[in-house]
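Remarks on the overall topology
Residue strings, one per chain:
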Amino acid sequence: MLDIKYEYAVNKKEKPDMNNLGFGKYYTDHMFMMDWYRDKGFVDAKIIPYAPISFDPAALVLHYAQETFEGLKAYKTKDNRILLFRPDMNAKRFQNSNKRLYMPEVPIEDFIQAINDLVKLDSDWIPTLPNTSLYIRPFMFAYQPKLGVHDADHYKFMVILSPVGSYYKEGLKPVKIYVEDELVRAVKGGTGFAKCGGNYAASILAQIEAEKKGYSQVLWLDGVHHKYVEEVGTMNAMFVIDGKIITAPLEGSVLPGVTRDSIITLLKRKGYTVEERHLSIDELIEASKAHKLTEAFGTGTAAVISPIGTLAYKDEVFFHSDSIGNISQMLYDTLTQIQNGIIEDKFNWTYEVK
Ligand code: COI
């Protein structure tokens, strides 16, 4: 168990307009910080006022991007309980990401305690309007100043909190996605399965090019054949073809999403067939032309379920839908009702902050 020291914020911030939160624009009054030194391990766990931190210009993370992060959410129920959704999965994935980036692994119980205690302290920041929540961002980075490419003697593990609304400005309205046919996100053996900042840094060029064409994000194809659909910028992608739900398998290049896993479980429980398999862009286009592709949606912590309304490849739109599909809507409702403690959590996914 961590011995967390507290330093309380003297001046509390003004709360933002909870009707107009957007995503990741506001931060709460406190943050968690813990250091790791090669000779001491994890030490100095503390919750302190939210504030900028200083870096040596030679800090390793600024040069070689040794950084990993997580994303999860806290919800306040009608009877004022605070729930997290599957924080153990985030803790485990954080360890897997850190293993790949050769960084120290935070013990699962410490990861959860840091979040639990910080969320509890700043619980007056948890928004309660529909489609809002408190986004939790744990992250770790190499802090030691050194220009040689190597692991570090000093890392920092931090957690910050941000009250959020929908990730996309569209909310639950369908988003437009462009299939990227030149740049790639990940290859097997790389860092695709890890949640590290570098993956996202490398995705920005494609996203901006897509935005210039009027799309919100890109759908990545596999890095070897440029053929099989993998994931969307900040979400896993699922396609309903002939009533079956198809999504890319976890073979090293796709992020093992907590929402992805939960949705697959929910779908199977409701009797749907889910296929985790390679799906080529040609098969997807063919299915759409034959009217067999009936829905497409993304899954992610930030985005929850995001219906895909338009899919375009090589400047041609091959799928279009103006409204959220039945399966996407059902999944959104079921998942958010479990997360908000409105319906029974048969899977034991929710964790109560105490
Ligand atoms: C999340 O869904 O929590 C993510 O980490 C996506 C993010 C890059 C906004």
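Nothing here was measured: the structure is a model prediction, and the numbers come from that model.

Our next topic: the overall build of the protein chain. When its secondary structure is counted, the protein chain shows 8 helices and 18 strands. Radius of gyration (C-alpha) of the protein chain: 20 Å, near the 20 Å computed for a compact globule of 354 residues. Within the structure as shown, the protein chain displays about 15900 Å² of accessible surface, and the carbon and sulfur contribution to it stands at 51%. In the protein chain, 41 side chains carry a positive charge and 46 a negative one; their mean positions are 2 Å apart.

Attention shifts here to the pattern of salt bridges. Two side chains with opposite charge may pair up if their charged atoms get near one another. Taken as a whole and assessed by the stated rule, the structure comprises 19 salt bridges. Notably, a salt bridge pairs Glu 283 with Arg 277, separated by 2.9 Å at the nearest N-O pair. Its relative accessible area of 30% is what places Glu 283 among the partly exposed residues. Owing to a relative accessible area of 27%, Arg 277 belongs among the partly exposed residues under this scheme.

Okay, the site of the ligand next. If you check the shell around the ligand, you find Phe 69, Gly 71, Tyr 135, Arg 137, Tyr 167, Lys 195, Tyr 200, Thr 234, Thr 301 and Ala 302 and nothing else. At a separation of 2.6 Å, an oxygen atom of the ligand approaches a polar side-chain atom of Tyr 135. The contact in question runs from an oxygen atom of the ligand to an N or O atom on the backbone of Thr 301, over 3.3 Å. For the ligand, whose accessible area on its own is 280 Å², the fraction buried by protein is 91%. A per-class count over the shell around the ligand returns 5 nonpolar, 3 polar and 2 charged.

On to the packing of aromatic side chains. Counted under the stated rule, the structure contains 18 aromatic pairs. Looking at Lys 156, its charged tip hangs above the ring of Tyr 143, at a distance of 4.8 Å from the centre. Its end group placed over the ring of Tyr 215, Lys 176 keeps NZ or CZ at 5.0 Å from the ring centre.

Inspection of the entire model under this criterion finds 1 cavity of 30 Å³ or more. What the largest cavity holds in volume is close to 90 Å³. Lining the largest cavity, in full, are Gly 71, Leu 72, Lys 73, Tyr 75, Phe 85, Asn 90, Val 258, Thr 259, Gly 300, Thr 301, Val 304 and Gln 339. Per element, the largest residue contribution to the lining of the largest cavity is 3 residues, and it comes from strand E5 (residues 72-76). Its residues assigned to classes, the lining of the largest cavity shows 5 nonpolar, 6 polar and 1 charged. Lining the lining of the largest cavity are residues from two domains, each supplying at least three of them: domain 1 (5-164) and domain 2 (175-339).

This brings us to the packing of helix H6 (residues 258-269) against helix H8 (residues 326-339). Relative to each other, H6 and H8 sit at 110 degrees, their axes nearing to 11 Å. Judged by the inter-axis angle, H6 sits roughly perpendicular to H8. Residues Thr 259, Ser 262, Ile 263, Leu 266 and Leu 267 of H6 form the contact with H8, whose participating residues are Ile 327, Met 330, Leu 331, Thr 334, Leu 335 and Ile 338.

One frequently used descriptor of interface size is the decrease in accessible area upon assembly of the parts. Each assigned domain of the protein chain is listed with its residue range as follows: domain 1 (5-164) and domain 2 (175-339). At the junction of the two partners, domain 1 supplies 21 residues and domain 2 supplies 22 residues. Here domain 1 packs against domain 2, burying approximately 1800 Å² in sum over the two surfaces, 61% of which is carbon and sulfur. If you sort the residues of domain 1 by the area they bury against domain 2, Phe 85, Arg 93 and Arg 100 come out on top, with a joint share of 34%. Counting the contacts that link domain 1 with domain 2 gives 1 salt bridge.

Right, let's get into the pairing of strand E15 (residues 293-300). Counting buried positions along E15 yields 7 of 8 residues, so the element is predominantly enclosed. Two elements, strand E12 (residues 235-241) and E15, share 6 bridges in a ladder whose sense is antiparallel. In the sheet register, Asn 236 faces E15, and the bridge partner there is Thr 299. Note: E15 against strand E16 (residues 304-313), 4 bridges, orientation antiparallel. Bridge pairing in E16 links Gly 298 to Ser 306. Connecting E15 to the next strand, E16, in antiparallel fashion are 3 residues.

Scoring rules and cut-offs
Residues numbered from 1 in each chain as written. Predicted model: local features only at pLDDT ≥ 70, side-chain atom pairs only at ≥ 80, totals over all residues. Heavy atoms only, no water. Helix = DSSP H or I, 4+ residues; strand = E, 2+ residues; numbered from the N terminus. Rg over C-alpha atoms; globule rule 2.2 N^0.38 Å. Areas by Shrake-Rupley, 256 points an atom, 1.4 Å probe, with all protein chains shown as cover. Lys, Arg positive; Asp, Glu negative; His and termini not counted. Charge placed at Lys NZ, Arg CZ, Asp CG, Glu CD. Salt bridge = Lys/Arg side-chain N within 4 Å of Asp/Glu carboxyl O. Buried < 20%, exposed > 50% of the residue type's maximum accessible area, 1.4 Å probe, protein only. Near = heavy atom within 4 Å. Polar contact = N/O pair within 3.5 Å; in protein donor to acceptor, adjacent residues only side chain to side chain. Nonpolar A, V, L, I, M, F, W, Y, C, P; charged D, E, K, R; others polar. Phe/Tyr/Trp six-rings, centres within 6.5 Å; stacked < 30°, edge-to-face > 60°. Lys NZ or Arg CZ within 6 Å of the ring centre and 35° of its normal. 1 Å grid on protein atoms, 1.4 Å probe; cavity = no way out; pocket = protein on both sides within 12 Å on 5 of 7 lines; lining within 4 Å. Points joined across faces, edges and corners; volume = space filled by probe spheres on them. Domains from an automatic or database assignment. Axes fitted to C-alpha atoms, helices over the stretch in contact; angles between N-to-C directions. Parallel < 35°, antiparallel > 145°, perpendicular 65-115°, else oblique. Contact = heavy atoms within 4.5 Å. Buried area = accessible area lost by both parts, 1.4 Å probe. Pairing = 2+ DSSP bridges.

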